[in-house]
Amino acid sequence: MVDAQLHLLLEAVARGELSVRDAEARLARLPFEDLGFARVDHHRAVRGHGPEVVYARGKTPGEVAAVALALLAGGGTPVLVTKAAQGHADAVLAAHPDAEWHPRSGMLVLRRSPTGPPGSVAVVCAGTSDLPVAEEAWVTAEAFGCTVDRLVDVGVAGPHRLFAEVERVQRADVLVVVAGMEGALPSLVAGLVGAPVVAVPTSVGYGAAFDGLAALLGMLNSCAVGVGVVNIDNGFGAGALAARILAAAVT
């Protein structure tokens, strides 16, 4: 429940449209809602962070749907599910048919933010195999109301592909750069732009890539200025951080 909703609730009580008992019942859910298997944090929106995001792995389809619907009822935006499988999507869509399902990235969007910060996010993806993580990043940023430009398959094995799009990347106010293998692309991009770069290592690669560890270490050791790194395959974290960077620029 966000501040505006709390204000409307109190006004409804003052006008006699809502009983004190009903208002108490709604406020009782404000800190968190106990579903038995999960405690849904409705207070997070009051702290200015938006609702919780449901991480689907390890949860049953029914549990994911129940938490997502509880967040939806809380009124905050956006309402997202990450790393979902088809079974999770089926359960959510059965309860909320208007949800958007992105099977490549495992993202479910139940509600988008109606408005977002000014500026743009560029999501730059090294290879097609990195697209699941890149899509998670751009779906997240778009759900937060951001304008997103997508640039795919421009990895360092063929840098001329990136150089052909230099004007596009330089127009962005913040960039999310997704790469596996040796993870060199964020350094190359950061050398071409003055905007912040959020680097996302993926688990794409052969044996010595160590499921993304090589890319993670490469990005952490970038010699380029203005590169921050999120965890392996954490497209959601990168998209959310990009949205916050844009929002912070106008506050």
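Check the entry above for the structure.
Given the structure is predicted, the values throughout are model-derived calculations rather than measurements.

(A) Molecular detail of unusual backbone geometry. Of note in the backbone geometry, Lys 83 takes a positive phi value of approximately 55° without being a glycine. Position of Lys 83 among the secondary structure elements: in the loop between strand E4 (79-82) and helix H4 (86-95). For Lys 83, a relative accessible area of 16% gives the class buried. The phi angle at Asp 233 is positive, at roughly 65°, despite the residue not being glycine. With respect to the secondary-structure elements, Asp 233 resides in the loop between strand E11 (227-229) and helix H10 (235-248). Classification of Asp 233 by relative accessible area gives buried; the value is 19%.

(B) The environment of Arg 57, seen in detail. When you line up the elements, Arg 57 lands in the loop between strand E3 (54-55) and helix H3 (61-74). Note: C-alpha distance between Arg 57 and Val 81 (24 residues apart in sequence) is 10.0 Å.

(C) The arrangement of the nonpolar core in detail. Within the largest apolar cluster, 26 residues are counted, with the highest numbers of intra-cluster contacts made by Val 121, Val 123 and Val 176. When residues of this core are traced back to their parent elements, those giving at least two are strand E6 (107-111), strand E7 (120-125), helix H5 (131-143), strand E9 (174-179), strand E10 (197-201) and H10. Top element by residues in this core is H5. It accounts for 8 residues. In this view, Val 176 contacts Val 121, Ala 122, Val 123, Val 124, Ala 137, Val 198, Val 200, Ala 238 and Ala 242; residues no more than four positions away in its chain are not counted.

Conventions adopted
- Residues numbered from 1 in each chain as written.
- Predicted model: local features only at pLDDT ≥ 70, side-chain atom pairs only at ≥ 80, totals over all residues.
- Heavy atoms only, no water.
- Helix = DSSP H or I, 4+ residues; strand = E, 2+ residues; numbered from the N terminus.
- Buried < 20%, exposed > 50% of the residue type's maximum accessible area, 1.4 Å probe, protein only.
- Core = buried A, V, L, I, M, F, W, Y, C linked by side-chain atoms within 4.5 Å.
- Contact = heavy atoms within 4.5 Å.

Geometric descriptors of this kind do not, in isolation, establish any biological role.
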